Amino acid sequence: MTCGGYTALFLGEAHPQPDQGIVTREIYGYQDSMDDDTSCDFYRSNPIQVKACPGNYYVYRLVKPNASIPSPTYCAVTAALIHDPCNNYTALDQPWRANNATTGLRICDRFFNWNGWYRLLYYGMSVRMPDSCANESTCGTDIALSLNGSHPQIEDGIVTCGVCTGEESDCCYFSSTPIRVKACPGNYYVYEFVRPNLCSAAYCADMNSITPNFELNVSSAAADTPENTTSDPCQTTIYTVLDNDWRKTDSLNFSSFDDTLVEWSGWYRLYTQGKNAQIPEFKWCWSFMTCGGYTALFLGESHPQPDQGIVTREIYGYHDSMDDDAPCSSYRSNPIQVRACTGNYYVYRLVKPPVSIPMPTYCADILESPSYDPCNNYTYLDHPWRGNNETGGYKSDRFFNWTGWYRLLYNGMNVRMPDSCVSESRCGTYITLWLNGSHPQIGDGIVTRGVCGSDESDCCSYRSIPIRVKACPGNYYVYEFVRPTFYPAAYCADQNFTVSAQCKL
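Attention here is on the structure that accompanies the text. (Residues numbered from 1 in each chain as written. Predicted model: local features only at pLDDT ≥ 70, side-chain atom pairs only at ≥ 80, totals over all residues. Heavy atoms only, no water.)

**Thoughts on the overall build of the protein chain**
1) Next: When its secondary structure is counted, the protein chain shows zero helices and 32 strands.
2) Next: Buried positions account for 48% of the 505 residues belonging to the protein chain.
3) Next: Sequence-distant contacts, at least 24 apart, represent 65% of the contacts inside the protein chain between residues at least 6 apart. (Helix = DSSP H or I, 4+ residues; strand = E, 2+ residues; numbered from the N terminus. Buried < 20%, exposed > 50% of the residue type's maximum accessible area, 1.4 Å probe, protein only. Contact = heavy atoms within 4.5 Å.)

Next up, the structure:
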């Protein structure tokens, strides 16, 4: 905290009640650069007078701080409320916040878009923040945040509490931004959460405070499973457009959206960056994809064809921190319904994912085709070192300025990417990239394929960003290459598939 200066000034104890009249309070000063175990009261400024007034406000007789304190400024926090937060809050049911679980997650609440007041739940049961030391590496994060002090009573109204995180020797070794708390009738609490000033840090839920008789006021569980529909969901009057740029899979900027907090209802058509989009399929899963949350959700199998009508598809979830031999299917969400529509787009009946999945979000990949035929508009890529029999080298396609479509050659001979495992340390690099799935037929048009990289133990240990592929007349293929997510890694050329190349007209 700085409050506009270098040393933040605040009251050394609580504000008075209206019946206490004018009182005197000590003023303490804090600055973040202080290497001191009691940095929050390292400085002591001149005391001031305070009075609580009818109408829920305070007046202060401020005085000039001590000149010895570097750039001191009096701090201010919002005090007024229009609505009672006990009746106006967001239910935060995220079981990974439990203080008794070591999940190996590294979620950071600093990225969450906090707005207003929150009530903590654990699978629908009311819980509260711990107000004693929380162990490291619990609560779905590295730095577990607990309340520094006891919870208020109902008659206390809204109070401001410190937030701490500890280590083995000190339960409040670090202090995060304070939050406001209120005790509510019905034996629960609401919290005005804000972005912590630490990462990876998350607010904890105290499993010793569970209230089992709490009933969550939401629609029935049937709303979380696909239902039959009598209207064609491809009609524009039936579906809702869902256009969130943060759902795209090729953004490595980590955010903290959570689709368990969305009130899903009916059918949706996806867009991202204003372009027609689709939910990615299982084979397109790649390392580090987040889709705006922590767990990326995608279809467990391929999309249907238009003549198949409405179909049900499983939903899988992935996040990069999973220590799992099959990370792309580490989670299974509730199934959804899908319909392929005339005009090359899909609609989805999205439902609420299980709260047991940490911050899941449905992903979106751009579906639009180029305005030109890439079979007639591509760049030749004749790099013999890309051959899957070539050894040595640490070249990396991550630094190549990829733009548009490419046709692979090997010393002038037409080749294609391998669509089976390539050993490491081939193709002029260490991580050899090959196509995870068969090449398309001409009638398939443009398709999306996953890209794998091999290591000693697993042919698909590295999963790079998927690419688009098209089969062209003349027995060749074109690829829309993108920057891989790994270094050093390069796209391979299959020397076992060679055809004399014909020049473009």
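**Section: the pairing of strand β30 (residues 476-480)**
1) Next: With four of five residues buried, β30 lies mostly within the body of the structure.
2) Next: Both strand β29 (residues 462-472) and β30 contribute to a ladder of five bridges, which runs antiparallel. Looking at the pairing, C472 lines up with Y476 of β30.
3) Next: Counting the residues in the hairpin turn of β29 and β30 gives three residues, including G474, whose phi is positive at 105°. (Pairing = 2+ DSSP bridges.)

**Some details on the sheet that holds strand β3 (residues 43-53)**
1) Next: Strand order in this open sheet of five strands is β4-β3-β2-β1-β5, and the pairing throughout is mixed. Each edge of the open sheet is held by one strand with a lone partner, namely β4 (57-61) and β5 (72-74). Neighbouring strand axes in the sheet, compared pairwise and without regard to direction, differ in orientation by 35° on average.
2) Next: In the sheet, strand β1 (residues 7-11) pairs with β5 via three bridges, with the strands oriented parallel. Residue pairing in the sheet places L9 in a bridge with Y74 of β5. (Axes fitted to C-alpha atoms, helices over the stretch in contact; angles between N-to-C directions.)

**Considerations on the state of the cysteines**
Here, the word disulfide means a covalent bond between the sulfur atoms of two cysteines.
1) Next: Applying the stated rule across the entire model yields 10 disulfides.
2) Next: The disulfide partner of C108 is C199, and the S-S distance across this bridge is 1.7 Å. One disulfide, between C108 and C199, carries an S-S torsion of -135° and so falls in the left-handed class. Within this pair, whereas C108 is found in the loop between β6 (90-93) and β7 (118-122), its partner C199 is found in the loop between β12 (188-192) and β13 (201-203), the two being separated by 91 residues in sequence.
3) Next: Residue C199 is classed as partly exposed on the basis of its relative accessible area, which comes to 40%. (Disulfide = S-S within 2.5 Å.)

**Notes on the pattern of salt bridges**
1) Next: Per the counting criterion, the structure on display carries 13 salt bridges.
2) Next: With its nearest N and O atoms 3.9 Å apart, the salt bridge here joins R128 to D131.
3) Next: Overall, the relative accessible area of 25% leaves R128 in the partly exposed class.
4) Next: A residue is classified by how much of its surface remains accessible, and D131, at 27% relative accessible area, is partly exposed. (Salt bridge = Lys/Arg side-chain N within 4 Å of Asp/Glu carboxyl O.)

**Examining the packing of aromatic side chains**
1) Next: Scanning the model with the defined rule gives 30 aromatic pairs in all.
2) Next: Aromatic pair W114 and Y118: ring centres 5.0 Å apart, planes at 90°, arrangement edge-to-face. We note that W114, like Y118, is buried.
3) Next: Connected via pairs of aromatic rings, a cluster forms that spans F112, W114, Y118, Y191, F193 and Y203.
4) Next: We note R119 situated over the ring of Y188; from NZ or CZ to the ring centre the distance is 3.5 Å.
5) Next: The ring of Y345 has R269 sitting right over it, with the charged end atom 3.7 Å from the ring centre. (Phe/Tyr/Trp six-rings, centres within 6.5 Å; stacked < 30°, edge-to-face > 60°. Lys NZ or Arg CZ within 6 Å of the ring centre and 35° of its normal.)

**A short note on the environment of Y410**
1) Next: Mapped onto the fold, Y410 is located in strand β25 (residues 406-410).
2) Next: Taking the C-alpha atoms as reference points, Y410 and W385, separated by 25 residues in sequence, lie 8.6 Å from one another.
3) Next: Dropping the residues within four chain positions of it, Y410 is found in contact with D382, P384, G387, E390, V415 and Q495.
4) Next: A polar atom in the side chain of Y410 sits 2.7 Å from the side chain of E390. (Polar contact = N/O pair within 3.5 Å; in protein donor to acceptor, adjacent residues only side chain to side chain.)

**Topic: the nonpolar core**
1) Next: Counting 31 residues, the largest nonpolar core has I279, M289, F298, I336, Y348, L350 and Y362 as the members making the most contacts within it.
2) Next: Among the elements of the structure, β16 (267-272), β18 (295-299), β19 (310-318), β20 (331-341) and β21 (345-349) are those that each provide at least two residues to this core.
3) Next: Among the nonpolar cores identified, the runner-up in size contains 29 residues, and M129, L145, V163 and Y203 belong to it. (Core = buried A, V, L, I, M, F, W, Y, C linked by side-chain atoms within 4.5 Å.)

**Concerning a nonpolar patch on the surface**
1) Next: Where nonpolar side chains cluster on the molecular surface, the patch consists of Y58, Y60 and L62 and spans about 280 Å² of accessible area.
2) Next: Structurally, L62 can be placed in the loop between β4 and β5. (Patch = residues over 30% accessible without salt bridge, like charges linked within 9 Å, V, L, I, M, F, W, Y side chains within 5 Å. Areas by Shrake-Rupley, 256 points an atom, 1.4 Å probe, with all protein chains shown as cover.)

**Quick notes on the environment of N66**
1) Next: Position of N66 among the secondary structure elements: in the loop between β4 and β5.
2) Next: Note on N66: relative accessible area 22%, which makes it partly exposed.
3) Next: Sequence-distant contacts of N66, defined by excluding residues within four places in its chain, comprise R44, S45, N46 and P72.
4) Next: Only 3.0 Å separates the side chain of N66 from the backbone oxygen of R44, close enough to count as a polar contact.

**Notes on the side chain of T141**
1) Next: Tracing the chain through its elements places T141 in the loop between β8 (125-128) and β9 (143-148).
2) Next: A polar atom in the side chain of T141 sits 2.9 Å from the backbone oxygen of S200.
3) Next: Reaching out from T141, the side chain makes a polar contact with the backbone nitrogen of A201 at a distance of 3.4 Å.
4) Next: Non-local contacts of T141, meaning those with residues more than four positions away in its chain, are made with L105, R106, I107, S200, A201 and A202.

**Thoughts on unusual backbone geometry**
1) Next: The omega torsion across C199 and S200 is 0°, close enough to zero to call that bond cis.
2) Next: P488 follows Y487 through a cis peptide bond whose omega is -10°.
3) Next: Within the chain, C427 stands out as a residue other than glycine whose phi angle is a positive 60°.
4) Next: Along the polypeptide, C427 turns up in the loop between β26 (413-416) and β27 (431-436).

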